[in-house]
Amino acid sequence: MNKIYDFLIIGGGVTGSSIAYGLSKNSNSSIAIVDAYDNTYRASVGNYGLTWMQSKGYKQPFYARLSEQVSYDWSEFRNELEEKSQIDIEYIKTGGLTFCHTQDEFAKLEKKISNLNSYYQHDSSKTVMLDAKELKKIYPGLGESIVGAAYNKQDGLLNPLHLLKAQLKLAQKQKVEYISHFSTATIDKSNDEYKVTSQDGRIIRAKQLVMAAGLSNMPLAAQLGINVPLEPQKGHILVAQKVPPLDLIPCFNVRQTKSGTLLLGVSNEDVGFDINIDEGIVSNILKKSIKILPMLKDVNLIRSWSSLRIIPQDGKPIYDTIDNTLHVITTHSAITLAPLHANEVSKSILNGKMPDNLKDFSLDRFNEKEIV
Amino acid sequence: MSRFSNFNKDITFTFNDKVYMAKQGDNVSAALSINDIPYNRKTFDNKTPRSSFCHMGICFECLVQIDGVSGIQACKTQVVEGMEIKEDV
Amino acid sequence: MSNLKKDVKEYDVVIIGAGPAGIQSAVELQNHGLKIALLDDSFKLGGQIYKNVENNDTEEKRKLFQEDYYQGLALIKKLDLNSIDYISNASIWSISNLEVFYSHNNSSTKIRSKKIIIATGAMERPFPIEGWTLPGVMGATSAQIMLKESSIIKDNAVFVGTGPLFYYVISQYIDAGAKIKAIIDTTPAKNYIKAFKYLPKALLKVGYLMKGLGFLYKFKKHKIKMYNFTDVVKFEGSDNLEKISLKDGTFIDTNIAFIHNGLAPNINLQLQAGCEYEFAQKTRTINIKTDEFMQSSVDNIYVIGDGKSVRGVDTAKTEAKIASSKILRDFDKIEEEVMDKKFFAYTKELESHSYIRDFLDVLYLPHINFLSPTKDEVVVCRCEEVTFSTVKSSLEIDCKGVNSVKSFTRCGMGNCQGRFCGLTLLEIMSEKTGISIDELNYLKIRSPIKPVRIEEMANIK
């Protein structure tokens, strides 16, 4: 086709759709977003759905502060999305817990938390350590073997599938062209435009590119001589039946969705691009969850999931603009950082460069950056 | 409705605390059906009444509570004397 | 890798499903010095077609049930239960790296095998029409199961549907003395014309055709009210079925409807195990791909019978023989020449069984109104109560595939894990996007394929 878009976003997951929404909200540019197939890896539909700051940015002050900042933006972002899309993204600032099974675990976590707390701007952002007695007051039904937990009242949960749906709906309402079944194979840069070709030979041209393709950002950026070091990290999530509301404060082991479904998790495995279910890992997740919430014993598990997280080499997000026209946006926290992507990052893309407060997240830190 | 040439032993069970008759060898779905009990559960979201659909263990519409335990497939469970069956929660 | 436990039971072959295909496999493989397990989720051997045959071996019952039902008894009698491990009430919920996880008496066990034969049989195709979720509306197999297991017949039932099994069940109901209120036949008129060209080949199985004609004659003889070529059916009622309405405004009062929209392979276990599949245009079902020896795309997993592709009991048994002879050869229990000879003979058998297939498949392919919903209120996903209009709205935002629809609408997320909505989603998707249905991916199926209590899953033996 002969049309040259102002912006082409590669990747229709939560990151891509946040930016599609944000760009189209703030400009009249012509924007297209491409998305591959139903059965590609898709971290966006295999994640646990928490907005989380308490564990992010250990010894990484800028990342810790970024996670802090965005947790205060969520309520407003939620209101905006829901009002415009009429889709309930089910966001609640419930607070969040990280449970400790042994005193040793508690001590280690306490140390880690104190490092993170030292970075935050506001006192209300600080994570506190609770012993078992204090914990029982806010977590009824707690298992006897739990010694304590870390608690941060700024953390929360939402429905990540509804978030994706709302952002895609609004982006299209705001005239973004959504092109699916387009699996990007090659990217060429010539003169003032990027030429993006799909596996089946379709071509889209754009003046600027936003790379939001998750793990695929790495091989695609490499075609332009840009090093985006990413690792897949496998995580299992288990889905149990719906039960009446338990008012659970979420943790990574168990949480309840608005529809009543119980989600159990999680695991962190370095096994490359393998997304097969490992029954041994499943069994470990279940045992741990039962220790935290014994009533789970009699609940039915409906299915297990595994998905690949996108982990930049040092764990921190990647925000960079190369040559004013190529924007690389990659993070393992696309859910938590959605308000940032839809607002500040999108505006920065329109300005042709990332802002100073996101300097720490540029690709420079990986020491290789060149355009072919 | 009727039975024909079934000479199995008569047994009693309760559904929602009311007593009914069935025969040895019946599964719970059949036992509820022969007693014209219209539904065994209501859906989680909209509380719509449901009852057995496939009768072979794959539709999960036939769920009941038996002797205090919820979420049991009626079509895969044989009725025994004195079984206490309730609408599933 | 899964935790390796030293005391995991090891088998040479695990057969999943004790219907005709599974039992035939066990019969072929037994007494060759191999460790065989036969797992089945029913109380008794026989699957669906031979359900409860061991308990129905009485003079009176033999007058009611036909000769081919009792072939099941003959087959079961060939089993040497001393030489195999037969585990009934075993609900298999996962296959992973040739390890089979099953639930039995509220506890889950893992066993390992060198080869697995999956013979899970068929299920009823979804029938997405208005009111199909009302209590009182049941699959026609329910009628057959209640009849065979408990000798129950429900009077004044209305039968709605099409297909060989549909007529077979009605015939059995009549023989059992039931008063049938009406038969609403949904076989499209044009199918008779389309099927005509396959009739000559089908006549090679003239006995089968005669049986079919016999059914029609029986229905006429008993003066059962028949509504033919129906393409619109609606079930109505508040808390349960009260009446059925047809296109021309006819109402039929009833509280019981037995419905049947044809059969499809029961494939969730095969898909979870990683077997490649294909969408068969002729039957509009998802079938499992295998080589000529019935081995699937996963090494050492064989898929046979209606659980691979619905072609009836004779084909199922022959496929069992083919898979078994290959397996015996792999274990060096029979010579190459013996296997070749068997394979040749069985292939000829398969061909003979297939003569009637095209005719039946074309004749009984459901009307498009019964594959893809026509009204917004039709419930597509029974478990999560997702309607056709919700599915359509989702497709307006994202039409990547049925897994996206699942993500945005919850279709396929309930207890049945897509068994009763998966095929409907494919039809809707294909119709709305114009993408050919055989190019669409099916729902991603994961373990457990049936709900399992968390405590049970945490403590696998």
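Cut-offs applied
Residues numbered from 1 in each chain as written. Chains lettered and ligands numbered in written order. Predicted model: local features only at pLDDT ≥ 70, side-chain atom pairs only at ≥ 80, totals over all residues. Heavy atoms only, no water. Pairing = 2+ DSSP bridges. Helix = DSSP H or I, 4+ residues; strand = E, 2+ residues; numbered from the N terminus. Axes fitted to C-alpha atoms, helices over the stretch in contact; angles between N-to-C directions. Contact = heavy atoms within 4.5 Å. Buried area = accessible area lost by both parts, 1.4 Å probe. Salt bridge = Lys/Arg side-chain N within 4 Å of Asp/Glu carboxyl O. Polar contact = N/O pair within 3.5 Å; in protein donor to acceptor, adjacent residues only side chain to side chain. Patch = residues over 30% accessible without salt bridge, like charges linked within 9 Å, V, L, I, M, F, W, Y side chains within 5 Å. Areas by Shrake-Rupley, 256 points an atom, 1.4 Å probe, with all protein chains shown as cover. Buried < 20%, exposed > 50% of the residue type's maximum accessible area, 1.4 Å probe, protein only. pLDDT = per-residue confidence, 0-100. Nonpolar A, V, L, I, M, F, W, Y, C, P; charged D, E, K, R; others polar. Expected span 1.5 Å × (residues − 1).

With that settled, consider the sheet that holds strand S6 (residues 148-152) of chain A. Sheet strands associate in pairs through backbone hydrogen bonding, adopting either a parallel or an antiparallel arrangement. Residue and element names in this part refer to chain A. Taken together, the three strands give an open sheet; going across it, the order is S4-S6-S5, and neighbouring strands pair in antiparallel fashion. The sheet is open, and its two edges are formed by strand S4 (96-100) and strand S5 (128-131), each paired on a single side. Recorded for the sheet is a direction-independent mean angle of 25° between the axes of neighbouring strands. As judged from the four bridges shared by S5 and S6, these two strands associate in the antiparallel manner. Residue pairing in the sheet places Val128 in a bridge with Tyr151 of S6.

Our next topic: the interface of chain C and chain B. Listed per partner, the contact involves 42 residues of chain C and 37 residues of chain B. For the pair chain C and chain B, the summed buried area comes to about 3400 Å², and 55% of that belongs to carbon and sulfur atoms. If you sort the residues of chain C by the area they bury against chain B, Phe43, Arg382 and Glu385 of chain C come out on top, with a joint share of 16%. The interface formed by chain C and chain B includes four salt bridges. Our enumeration of links across chain C and chain B arrives at 14 residue pairs in polar contact (both at pLDDT 80 or more). Listed by contribution, the elements that provide at least two residues to the side of chain C that touches chain B are helix H2 (59-64), strand S7 (122-124), strand S8 (137-139), helix H4 (140-150) and strand S9 (152-153) of chain C. Of all the elements, H4 of chain C adds the most residues to the side of chain C that touches chain B, at seven residues.

Residue and element names in this part refer to chain C. Together, Leu203, Val206, Met210, Leu213 and Leu216 make up an exposed nonpolar region whose accessible area comes to about 460 Å². Turning to its location among the elements, Leu216 is positioned in helix H8 (residues 206-221). Here Leu216 falls in the partly exposed class, since its relative accessible area comes to 38%.

Attention now moves to the confidence of the model for chain B. Summary statistics for chain B give a mean pLDDT of 94 and a share of 99% for residues scoring 70 or more. Overall fold confidence for the complex sits at a pTM of 0.95, while the interface term, ipTM, reaches 0.97.

To continue, consider the interface of chain A and chain C. Facing 42 residues of chain A, the contacting portion of chain C comprises 39 residues. The interface formed by chain A and chain C includes three salt bridges. Salt-bridge contacts for Asp298 of chain A lead to Arg453 of chain C; the nearest nitrogen and oxygen are separated by 2.4 Å. Applying the counting rule to chain A against chain C returns 25 residue pairs in polar contact (both at pLDDT 80 or more). Class assignment of the residues belonging to the side of chain A that touches chain C gives a composition of 19 nonpolar, 11 polar and 12 charged. Of the strand pairs in this sheet, strand S15 (residues 300-312) of chain A and strand S23 (residues 452-453) of chain C are connected by two bridges, and their pairing is antiparallel. Note that in S23 of chain C the partner of Leu301 of chain A across the bridge is Val452 of chain C.

Residues and elements named next belong to chain C. With 16 residues, H8 should reach 22 Å at 1.5 Å per residue; the first-to-last C-alpha distance of 22 Å fits that figure. Taken together, the buried positions of H8 are occupied by Leu209, Phe215, Lys218 and Phe219. On its buried side, H8 packs onto helix H5 (164-175), strand S11 (180-185), helix H7 (199-202), strand S12 (226-227) and helix H12 (357-363). Among the residues trailing H8, Lys223 stands out with phi positive, at a value near 50°.

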